[in-house]
Amino acid sequence: MPKQKSAARSTSIAGLLAATSLVLALSSCASYDVTAPADARADAQAADGKNGEGVKKAASGVDCAKAKCVALTFDAGPSENTNRLLDILKKEKVHATFFMLGKNHIAERPAEVKRIDAEGHELANHTWSHKILTDIEPAEAKRELSRVQDAVKKITGKKPTLMRPPQGRTNEDVSQVSKELGLAQVLWSVTAKDYQTTDSKLITKRVLDQTERDGIILLHDIYKGTVPAVPGIIKQLKQRGYTIVTVSQLLSPAKPEPGMAYRP
């Protein structure tokens, strides 16, 4: 969406720009389907009727309609820091969702991909080379995603069901490509902007300041300051009563719907 022009303008022009921005925002949101985790759960429970409770327990082992859940996610790995991160998550008995890149990551670190899967974390797709999917043709976007699908399946025998578009940028075409590949889109509500700082204390503070129930936390295990921040983040979240889950657990008993964008 274009930014409003700065500089001194009359009140009437400012008002017009604000109104135009609102219209553009509404039309942009209308171009693809978006739902919140809580709404997805409620819809699934309503559809299941009396069987909803049984489905919930079977699907995830945690009921995020009752528990104060938050999903922990890591983008752009695996990296040289991933094994250390996995050690921390194992010690803390926490599972996360890993939105992995293909080029220089999955392709170079298949052992880490296997370990992520073997230790019960969720495998997810962050494209092959981090191209902005809204800036390329749908056929190329499909290749960016399908290459990761194929690589992960070759390593683990499984294909991801979730993807995160680089920079969170999506549109109707990206949604359609995702639907064709059986991928739901996952955005976020918490970002530490850990690509801007190596200060682990600052990363921890940013996460804690933004986190609310049903939130989705975005971190990157490729950056120097992030993994050292994880123990403190987990400790504080637990002390605040949060249950840390994967994205699919957060949505359960709903199953991720291909093409749908999930955003708290």
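It should be emphasised that the depicted structure is a prediction, and the values quoted were computed from it without experimental measurement.

Asker: Can you help me understand the packing of aromatic side chains in this one?
Answerer: In this structure the tally under the stated criterion is 1 aromatic pair. Aromatic side chains Phe74 and Phe98 sit 5.5 Å apart centroid to centroid with 25° between the ring planes, which places their arrangement in the stacked category. With Phe74 in strand 2 (residues 69-75) and Phe98 in strand 3 (residues 97-100), this residue pair connects regions lying 24 residues apart in the sequence. Both residues of the pair, Phe74 and Phe98, count as buried. Sitting above the plane of the Tyr242 ring, Lys68 keeps its charged end 4.3 Å from the centroid. The residue whose ring lies beneath Arg164 is Phe99, and the NZ or CZ to ring-centre distance is 4.2 Å.

Asker: Could you clarify how one ought to interpret helix 7 (residues 138-156) in this entry?
Answerer: Helical periodicity: at 3.6 residues per turn, an α-helix aligns residues three or four positions apart in one direction. The first and last C-alpha atoms of helix 7 sit 27 Å apart over 19 residues, in line with the 27 Å expected at 1.5 Å per residue. Where the residues of helix 7 are buried, they touch strand 3, helix 5 (102-106), helix 6 (110-118), strand 4 (122-125), strand 5 (162-163) and helix 8 (172-180). Immediately beyond the C-terminal end of helix 7, within one or two residues, lies Gly157, with a positive phi of roughly 80°.

Asker: So what exactly am I meant to see when it comes to the nonpolar core here?
Answerer: Leu72, Phe74, Leu89, Phe98 and Leu219 are the most contacted members of the largest nonpolar core, which totals 34 residues. Only strand 2, helix 4 (82-92), strand 3, helix 6, helix 7, helix 9 (200-210), strand 8 (215-220) and helix 10 (226-239) provide two or more residues apiece to this core. The dominant element in this core, judged by the number of residues it contributes, is helix 10, at 6 residues. Formed by 20 residues, the second largest nonpolar core is a distinct cluster that contains Ala40, Cys64, Ala71 and Val186.

Asker: Would you take a moment to explain the state of the cysteines for this structure?
Answerer: Any covalent bond linking the sulfur atoms of two cysteines counts as a disulfide. Counting across every chain of the model gives 1 disulfide. A sulfur-sulfur distance of 2.2 Å marks the disulfide that ties Cys64 to Cys69. Across the S-S bond linking Cys64 and Cys69, the dihedral sits near -85°, which makes this disulfide left-handed. For the residue pair Cys64 and Cys69, the accessibility class agrees, reading buried in each case.

Asker: Any chance you could explain the pattern of salt bridges here in plain terms?
Answerer: Opposite charge on two side chains lets them pair, provided their charged atoms get close. Enumeration over the complete set of coordinates arrives at 12 salt bridges. When the shortest N-O distance is used, the salt bridge between Asp75 and Arg164 registers 2.7 Å. Of the two residues, Asp75 is situated in strand 2 and Arg164 in the loop between strand 5 and helix 8; the sequence distance between them amounts to 89 residues. The class for Arg164 is buried, based on a relative accessible area of 0%. Residue Lys205 pairs with Asp209 through a salt bridge whose shortest N-O separation is 2.7 Å. Highlighted residues: Lys205 and Asp209, both in helix 9, separated by 4 residues, approximately one helical turn. Three or more residues are tied together by salt bridges with common partners; here these are Asp87, Arg115 and Glu119.

What counts, and where the lines are drawn
- Throughout this description, residue numbers start from 1 for each chain and increase along the sequence as written.
- Per-residue local features are limited, in this predicted model, to residues with pLDDT of at least 70; the limit for side-chain atom pairs, both in listing and counting, is 80 or more; totals at the level of whole chains, interfaces and linings are taken over all residues.
- To obtain the side-chain values, all non-hydrogen atoms of the structure were included, while hydrogens and water were left out.
- Put simply, two rings from Phe, Tyr or Trp (the six-membered ring, in Trp's case) pair if the centres are within 6.5 Å, and we call them stacked under 30 degrees between planes, edge-to-face over 60, tilted for the rest.
- Helix and strand assignments follow DSSP, with helices taken as H or I runs no shorter than four residues and strands as E runs no shorter than two, numbered in order from the N terminus.
- Throughout this description, buried means an accessible area under 20% of the type-specific maximum (1.4 Å probe, protein chains only), exposed means over 50%, and partly exposed covers the range between.
- Two conditions define a charge sitting above a ring: the NZ of Lys or the CZ of Arg must be within 6 Å of the ring centre, and it must be within 35 degrees of the ring normal.
- A helix's residues, less one, multiplied by 1.5 Å, set its expected span.
- When checking whether two residues touch, look at their non-hydrogen atoms; a contact exists if any pair is within 4.5 Å.
- Here, nonpolar core means buried Ala, Val, Leu, Ile, Met, Phe, Trp, Tyr and Cys residues that are tied together by side-chain atoms lying within 4.5 Å of each other.
- To count as a disulfide, a pair of cysteine sulfur atoms needs to be within 2.5 Å.
- Note on definitions: salt bridges are taken to be side-chain nitrogens of Lys or Arg within 4 Å of carboxyl oxygens of Asp or Glu.

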